[in-house]
Amino acid sequence: MSLPPPLSAKDKNSFAYETVKDRLPLIVTRIVDFLARHRSDILHDFGEDADRECKSCIGAMDKLRYEIARDKPIVLLGDQYPDVEIWNRCLQDMRNKGQALSWFQSPWLLVECYMYRCIMQAFYLTKHMNTTDPFYEMKQRSFLASENAAHTLLSQLDNDLQMKNTEESTLREQFSTYMEISLWGNRCDLSLSAGSDSSQNHDPFHQLSELKQCLLINHESDVYQYIVKQHSDDFNHDIYFDLILDNAGFELLGDLCLADFLISKRLCSRLTLHLKMMPWFVSDATRQDLDWLFSQLEKSQSEIWQKTVERWKEHVKNGQWIITAHQFYTLPFDYSQMRKYSSDLYTSLTNSHLLIFKGDLNYRKLVGDLKWNLNDKFDYALRGFHPTSLVVLRTLKSDVQLELDEQSINYAKNLDSNWMVTGQFGVIQWWKKPDV
Ligand SMILES: O=P(O)(O)OC[C@@]1(O)O[C@H](CO)[C@@H](O)[C@@H]1O
Ligand SMILES: [Mn+2]
């Protein structure tokens, strides 16, 4: 199988170059700010030892910033986190094959993942800060700034779920609505904006019809037909879905609304939510972010928020929602390598009827972050990652996209010459596993 080369910052006209040159160092700078702001509290709460550790984290961030800017070699990791061995084996293999290992010369996906892993290494090497999430303030602030939109969303969900014996056409419409809410929530990521405000401050439902024109691929009805078929093939059997999550905050709230809708309307009987095991790409959701979101709903004055979180906790308790975080999602591999490196995860996904992937990074990993042509086939780009049928809900924030027709390309280009990287446009792209 002949494949295009990986996206890389060595191409000066690429978004990868811009990211490695400007955005990544800015994200590291924000962590220095975060540590500097909290240093006196750390000293006060945990003493001199912790203060020294805080200083060492600041030093590690300065070093990281310097090494990125100077295109220094990528070196092996040295902390005790369980994924170190697999990371180092990957880096060592590349080195043995004579592949360039430096910030601007290596594949973009590798260096970007490596940067977040290096950030966490600085924290993992401490005694007092090894559970600190350097992005937690940004994530929480962004959710709190989206409170009104969150209220509108949860109120509408409450209405829709109260409706009993929903007609088929209504159910179909509601399905589209929650898919699109979840899709456009992906505009709220903090890595693209390097941590600046990315909250949702419009009514998310009003926006949907306007946003239709930004939807460059819409396979919603294929997905719906597929789900209906799963039910009609065997009325009684259990239907399992998996939702591979992306960002915390308002995006996560929208994703949970979709997950709730799918369970409550019995479009599936069990849904597994996949989180990240460690802070990742600034805003990616971890277990702590999910727990924090639940606690915000619980302590709210709003009856609707409280009722919603009660229902969500019930889904977890009765096993209809399974919450998990696999190490694979924070390794530098793309999804075609999952079978080799995390066969347990791959096998569990083969038992699912539908995988819903959220966001840009998941898209990059599905298609290997390679320099595909816009009209290349999505099926081909998956390179054998075929555990089960899948759909991606993604806003475009990197210069890779598959199977886009000429008309849509011209349309988007005319509206915005940077259409591939601003998060303005979105796709709901579907791949059906062939029947055997
Ligand atoms: O996966 P997400 O949250 O949708 O996006 C993550 C992201 O902002 O990070 C990269 C830039 O650093 C981009 O490829 C991508 O847009
Ligand atoms: Mn993300």
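If you're wondering where the values come from, they're calculated on a predicted model, not measured in any experiment.

*Asks:* Tell me about the site of ligand 1, residues and numbers included.
*Replies:* Surveying the vicinity of ligand 1 reveals 17 residues, the closest of which are Glu112, Asp246, Leu361, Arg364 and Lys397. In the model, an oxygen atom of ligand 1 is placed 3.0 Å from a nitrogen or oxygen of the Asn186 side chain. Between Lys397 and ligand 1, the recorded distance is 2.7 Å, taken from a side-chain N or O atom to an oxygen atom. Protein coverage of the free-state accessible area of ligand 1, which is 390 Å², stands at 100%. Elements represented by at least two residues in the shell around ligand 1 include exactly α1 (15-46), α4 (108-124) and α15 (359-366). If one sorts the elements of the shell around ligand 1 by residue count, α15 sits on top with four residues. Class assignment of the residues belonging to the shell around ligand 1 gives a composition of four nonpolar, six polar and seven charged. Looking at which domains feed residues into the shell around ligand 1, each of domain 1 (15-124) and domain 2 (139-431) gives three or more.

*Asks:* Give a description of the coordination of the manganese ion (ligand 2) that names residues and reports values.
*Replies:* Within the protein, Asp246 (OD), Asn247 (OD1) and Asp284 (OD) serve as the donor atoms for the manganese ion (ligand 2), at 2.1 to 2.3 Å. If you list the donors of the manganese ion (ligand 2) from N- to C-terminus, the spacing comes out as D-N-x36-D. A single burial state applies to Asp246 and to Asn247, both of which are buried.

*Asks:* Go over the environment of Asp344 with me, naming the residues and quoting the values.
*Replies:* Assignment of secondary structure puts Asp344 in helix α14 (residues 343-350). Spatially, the C-alpha atom of Asp344 lies 9.7 Å from that of His326, the residues being 18 residues apart in sequence. Engagement of the side chain of Asp344 in a polar contact is seen with the side chain of His326, the distance being 3.1 Å.

*Asks:* Go over a nonpolar patch on the surface with me, naming the residues and quoting the values.
*Replies:* On the surface, a nonpolar cluster with roughly 320 Å² of combined accessible area is contributed by Met1, Leu3 and Tyr380. Looking at where Leu3 falls in the secondary structure, it is placed in the segment before α1.

*Asks:* How would you explain the packing of α1 against helix α5 (residues 136-144) if you had to name every residue and give the values?
*Replies:* α5 packs onto α1 with a crossing angle of 95 degrees between their chain directions and a minimal axis gap of 10 Å. When the axes of α1 and α5 are compared, the pair comes out roughly perpendicular. Of α5, the residues touching α1 (which contributes Arg30, Phe34, Arg37 and His38) are Tyr136, Glu137 and Met138. In the contact of α1 with α5, the residues fall into three nonpolar, one polar and three charged.

*Asks:* Please provide a residue-by-residue account of the domain arrangement of the protein chain, values included.
*Replies:* The domain boundaries assigned to the protein chain delineate domain 1 (15-124) and domain 2 (139-431). For domain 1 versus domain 2, the distance between C-alpha centres works out to 28 Å. Taken together, the contacts link 20 residues of domain 1 with 27 residues of domain 2. A buried area of about 2,200 Å², summed over both sides, lies between domain 1 and domain 2, and 69% of it is on carbon and sulfur atoms. The largest share of the area that domain 1 buries against domain 2 comes from Phe15, Leu109 and Tyr116, three residues that together contribute 29% of it. Taken together, the connections running from domain 1 to domain 2 amount to one salt bridge. When the shortest N-O distance is used, the salt bridge between Glu112 and Arg364 registers 2.9 Å. Where domain 1 meets domain 2, there are three residue pairs in polar contact (both at pLDDT 80 or more). A total of nine residues in the side of domain 1 that touches domain 2 trace back to one element, the largest contributor, which is α4. Partitioning the side of domain 1 that touches domain 2 into residue classes produces 15 nonpolar, no polar and five charged.

*Asks:* Residues and numbers for the environment of Arg383, please.
*Replies:* The topology assignment puts Arg383 in the loop between α16 (378-381) and β6 (390-395). Those residues in contact with Arg383 that lie beyond four places of it in its chain are Met1, Leu3, Asp334, Ser336, Lys365, Leu366, Val367, Gly368, Leu370 and Trp372. Side chain to side chain, Arg383 and Asp334 meet in a polar contact 3.3 Å long. At 2.7 Å, the side chain of Arg383 and the backbone oxygen of Ala381 are in polar contact.

*Asks:* Explain unusual backbone geometry to me, using residue names and the numbers behind them.
*Replies:* Unlike most non-glycine residues, Arg266 shows phi in positive territory, near 60 degrees. Of the residues examined, Arg266 reaches a relative accessible area of 64% and is grouped as exposed. Even without being a glycine, Phe281 presents a positive backbone phi close to 45 degrees. Within the secondary structure, Phe281 is located in the loop between β3 (270-275) and α11 (287-298). For Phe281, a relative accessible area of 6% gives the class buried.

*Asks:* A description of the sheet that holds β3 should follow, citing residues and the corresponding values.
*Replies:* Spatial strand order, β1-β7-β6-β5-β2-β3-β4: seven strands in an open sheet with mixed pairing. Two strands lie at the open edges of the sheet, namely β1 (215-218) and β4 (321-325), each paired on one side alone. Sheet twist, expressed as the average angle between the axes of neighbouring strands with direction ignored, equals 15 degrees. In the packing of helix α9 (residues 220-233) onto the sheet, contacts are made with β1, β2 (240-244), β5 (354-358), β6 and β7 (426-431), and the angle to β7 comes to roughly 40 degrees.

*Asks:* So what's going on with the pairing of β3? Which residues, and what values?
*Replies:* With five of its six residues buried, β3 lies for the most part within the structure. Each parallel crossover has a hand, and for β2 linked through helix α10 (residues 250-264) to β3 it is right-handed.

*Asks:* How would you summarise the pattern of salt bridges if you had to cite specific residues and measurements?
*Replies:* Under the defined criterion, the tally for this structure stands at 29 salt bridges. The shortest N-O distance in the salt bridge between Asp260 and Arg311 comes to 2.9 Å. Within this pair, whereas Asp260 is found in helix α10, its partner Arg311 is found in helix α12 (residues 303-317), the two being separated by 51 residues in sequence. Given the relative accessible area of 19%, Arg311 is considered buried. Overlapping salt bridges bring together Asp49, Arg52 and Lys127 as one network.

Each value, and the rule that gives it
Residues numbered from 1 in each chain as written. Chains lettered and ligands numbered in written order. Predicted model: local features only at pLDDT ≥ 70, side-chain atom pairs only at ≥ 80, totals over all residues. Heavy atoms only, no water. Near = heavy atom within 4 Å. Polar contact = N/O pair within 3.5 Å; in protein donor to acceptor, adjacent residues only side chain to side chain. Areas by Shrake-Rupley, 256 points an atom, 1.4 Å probe, with all protein chains shown as cover. Helix = DSSP H or I, 4+ residues; strand = E, 2+ residues; numbered from the N terminus. Nonpolar A, V, L, I, M, F, W, Y, C, P; charged D, E, K, R; others polar. Domains from an automatic or database assignment. Donors = N, O, S within 2.8 Å, 3.2 Å for Na, K, Ca; no water. Buried < 20%, exposed > 50% of the residue type's maximum accessible area, 1.4 Å probe, protein only. Patch = residues over 30% accessible without salt bridge, like charges linked within 9 Å, V, L, I, M, F, W, Y side chains within 5 Å. Salt bridge = Lys/Arg side-chain N within 4 Å of Asp/Glu carboxyl O. Axes fitted to C-alpha atoms, helices over the stretch in contact; angles between N-to-C directions. Parallel < 35°, antiparallel > 145°, perpendicular 65-115°, else oblique. Contact = heavy atoms within 4.5 Å. Buried area = accessible area lost by both parts, 1.4 Å probe. Pairing = 2+ DSSP bridges. Right-handed = clockwise from strand over helix to strand, strands pointing away.

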